[in-house]
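Residues per chain are reported as follows:
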Amino acid sequence: MIERIDVAVFGAGRIGTIHAGNVARHTRARLRYVVDVNATAAEALAERYGAQTASVEAALADPAVGAVLICSNTDTHADLILCAAAAGKAIFCEKPVDLDVERARACAAAVREAGVTCMIGFQRRFDPTFAALKRRLDAGEIGAPEMLVITSRDPAPPPASYLAHSGGVFKDMLIHDFDIFRWILDGEAVSIHATGGCPGLPDVAAAGDLSHTAVTLRTRNGALCQINTSRRAAYGYDQRFEVLGSRGLLQAGNVRPTQVVAWGEQSISSDRPEAFFLERYRDAYALEIEHFLDALSHATPVRTTIEDGIKALELAELATQSWREGRALSIEV
């Protein structure tokens, strides 16, 4: 067993800050470097956890570094994966691997050739409630799953400057939902139909993207999945799903800041859902980094591989095609 793993974090933004903190708090890891083109942000984050700043090249050249966390902009992911694999470093990378499927496949090939671990940040699999549902489903509590319904809604759309480089809603937002589909139903899609629009959000439409989507997928054994998403939910960050099985139903609901419910003469009320993804998946982010580091320490497989990243990206690409062509697509499996 590896006693301690030195880690370099690439990216000092919102998610890099979350992951850096989780690394620093892990008993068998040390945050050694923070790397970011924004020197001020890198220095502030490094100072907070007693780390150093460095260039990509310097961090990867340091033999003490056993793993890298790629939390930078999407357009840097593939290059950093390739460089880290060539340097023999274990890799944790936020989704997506890349916006281009072929480039993502090239990254997977490089990872396999280098023989390094590469985990993709699908943190929803590590959410305690979602994971508990999956365990009960696998135990046969509701029989064979027949339909999965996923609701995924952001509180507000991102700015147009972000949308212009996001790769579109299917790759940027629904890629998590496509991973949930594969994980919960434990199968691959044989058909997909995606549609969407921008009701009341002309700025999103002007950026060539969608604010609302509805996607239907079917697996080889006939199980169905319906995904509904929105870039705007006035009441908060809405993340829930339910699985209908042959003998019952399992639901996984939203997380709220508190579980207090007020009962009055006119109404019954509770807290709104958590504000956004950093709050909603606070525990999941900690658990996925713990899993990654523990897998490296014990030389065991990671739960969300680069192949999972590619499968979700392929579905996102097909959903984009389905929406643009206005038709359902068959998928060869």
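Before any of the text, the structure's been laid out above.
Conventions used here
Residues numbered from 1 in each chain as written. Predicted model: local features only at pLDDT ≥ 70, side-chain atom pairs only at ≥ 80, totals over all residues. Heavy atoms only, no water. Pairing = 2+ DSSP bridges. Helix = DSSP H or I, 4+ residues; strand = E, 2+ residues; numbered from the N terminus. Contact = heavy atoms within 4.5 Å. Axes fitted to C-alpha atoms, helices over the stretch in contact; angles between N-to-C directions. Buried < 20%, exposed > 50% of the residue type's maximum accessible area, 1.4 Å probe, protein only. Lys, Arg positive; Asp, Glu negative; His and termini not counted. Salt bridge = Lys/Arg side-chain N within 4 Å of Asp/Glu carboxyl O. Polar contact = N/O pair within 3.5 Å; in protein donor to acceptor, adjacent residues only side chain to side chain. Arc of directions from axis to C-beta. Phe/Tyr/Trp six-rings, centres within 6.5 Å; stacked < 30°, edge-to-face > 60°. Lys NZ or Arg CZ within 6 Å of the ring centre and 35° of its normal. Patch = residues over 30% accessible without salt bridge, like charges linked within 9 Å, V, L, I, M, F, W, Y side chains within 5 Å. Areas by Shrake-Rupley, 256 points an atom, 1.4 Å probe, with all protein chains shown as cover.

Visitor: Just to check I follow, could you spell out the sheet that holds strand 8 (residues 189–197) for this structure?
Guide: The sheet built from seven strands is open, its strands ordered 12-11-7-10-9-8-15 with mixed pairing. Of all strands in the sheet, those with a lone pairing partner are strand 12 (248–252) and strand 15 (329–330), marking the two edges. Note: strand 8 against strand 9 (residues 212–219), eight bridges, orientation antiparallel. Counted as the bridge partner of His193 is Thr216 from strand 9. Helix 6 (residues 128–138) contacts strand 7 (145–153), strand 11 (238–245) and strand 12 of the sheet and is inclined by roughly 160° relative to strand 12. Across the sheet, helix 13 (residues 306–325) is in contact with strand 8, strand 9 and strand 15; its angle to strand 8 comes to roughly 55°.

Visitor: What should I look at first to understand the side chain of Glu94 in this one?
Guide: Structurally, Glu94 is set in strand 5 (residues 90–94). It is Lys95 that comes nearest to the buried, bridge-free Glu94 among opposite-charge side chains, at 6.7 Å. Of note is the side chain of Glu94, whose polar atom sits 2.7 Å from the side chain of His19.

Visitor: Teacher, can you tell me more about helix 2 (residues 39–48) here?
Guide: For the α-helix, the turn length of 3.6 residues means that residues three or four positions removed from each other point alike. Buried within helix 2 are the following residues: Ala42, Leu45 and Ala46. Buried residues along helix 2 cover an arc of 100° about the axis, so they all sit on one side. Turned more than 90 degrees off the buried face of helix 2, the exposed positions are Thr40, Glu47 and Arg48. In this structure, the buried side of helix 2 is in contact with helix 1 (14–25), strand 2 (29–35) and strand 3 (52–53). Between the side-chain oxygen at the start of helix 2 and the backbone nitrogen of Thr40 there is a gap of 3.2 Å, and the oxygen is on Asn38. Trailing helix 2 by a residue or two, Gly50 shows a phi angle of about 70°, which is positive.

Visitor: Could you clarify how one ought to interpret the pattern of salt bridges in this entry?
Guide: For side chains bearing opposite charge, pairing can occur when the charged atoms are close. Using the criterion set out here, one finds 26 salt bridges in the structure. Among the ionic pairs, Asp6 bridges to Arg30, the shortest N-O distance being 2.7 Å. Taken as a pair, Asp6 in strand 1 (residues 5–10) and Arg30 in strand 2 lie far apart in primary sequence, 24 residues in all. Between Asp6 and Arg32 there is a salt bridge, with the nearest N and O atoms lying 3.0 Å from each other. Here Asp6 is found in strand 1, whereas its partner Arg32 is found in strand 2, with 26 residues between them in sequence.

Visitor: Teacher, can you tell me more about the packing of aromatic side chains here?
Guide: Here a ring pair, both rings aromatic, is described through the centre-centre distance and the interplanar angle of the planes. Here the structure, examined in full by the defined rule, presents seven aromatic pairs. Measuring from centroid to centroid gives 6.3 Å for Tyr237 and Tyr281, while their planes differ by 85°, and the two rings are edge-to-face. Placement of Tyr237 in the loop between strand 10 (224–230) and strand 11 and of Tyr281 in the loop between helix 11 (277–280) and helix 12 (282–298) is noted, with a sequence separation of 44 residues between them. Using a relative accessible area of 3% as the deciding quantity, one classes Tyr237 as buried. An aromatic cluster of at least three residues, connected via ring pairs, comprises Phe130, Tyr237, Phe241, Phe276, Phe277 and Tyr281. Its guanidinium or amino end placed over the ring of Phe130, Arg280 lies 5.1 Å from that ring's centre, counting from NZ or CZ.

Visitor: I keep staring at helix 6 and nothing clicks. Help me out?
Guide: Within helix 6, burial applies to Phe130, Ala131, Leu133, Lys134 and Leu137. Angular distribution of buried residues about the axis of helix 6 spans 155°; they occupy a single face of the element. Contact partners of the buried residues in helix 6: strand 7, helix 9 (175–185), strand 11, strand 12 and helix 11. Backbone geometry just downstream of helix 6 places Gly140 in the positive-phi region, at approximately 85°.

Visitor: Would you explain a nonpolar patch on the surface in this entry?
Guide: A grouping of Val261, Trp263 and Ile268 is seen on the molecular surface, where their side chains present a nonpolar patch of about 360 Å² in accessible area. Positionally, Trp263 belongs in strand 13 (residues 261–263).

Visitor: Is there a simple way to explain the pairing of strand 10 in this structure?
Guide: Two faces make up the sheet, and in a regular strand the side chains alternate between them. In this sheet, strand 10 lies alongside strand 7 in parallel orientation, the contact comprising seven bridges. Bridge assignment links Leu148 to a residue of strand 10, and that residue is Cys225. As defined by bridge partners, strand 9 adjoins strand 10 across seven bridges and the pair is classed as antiparallel. Bridge pairing links Leu217 to Cys225 in strand 10. In sequence, strand 9 turns back onto strand 10 through a hairpin of four residues, with Gly222 there showing a positive phi of about 95°.

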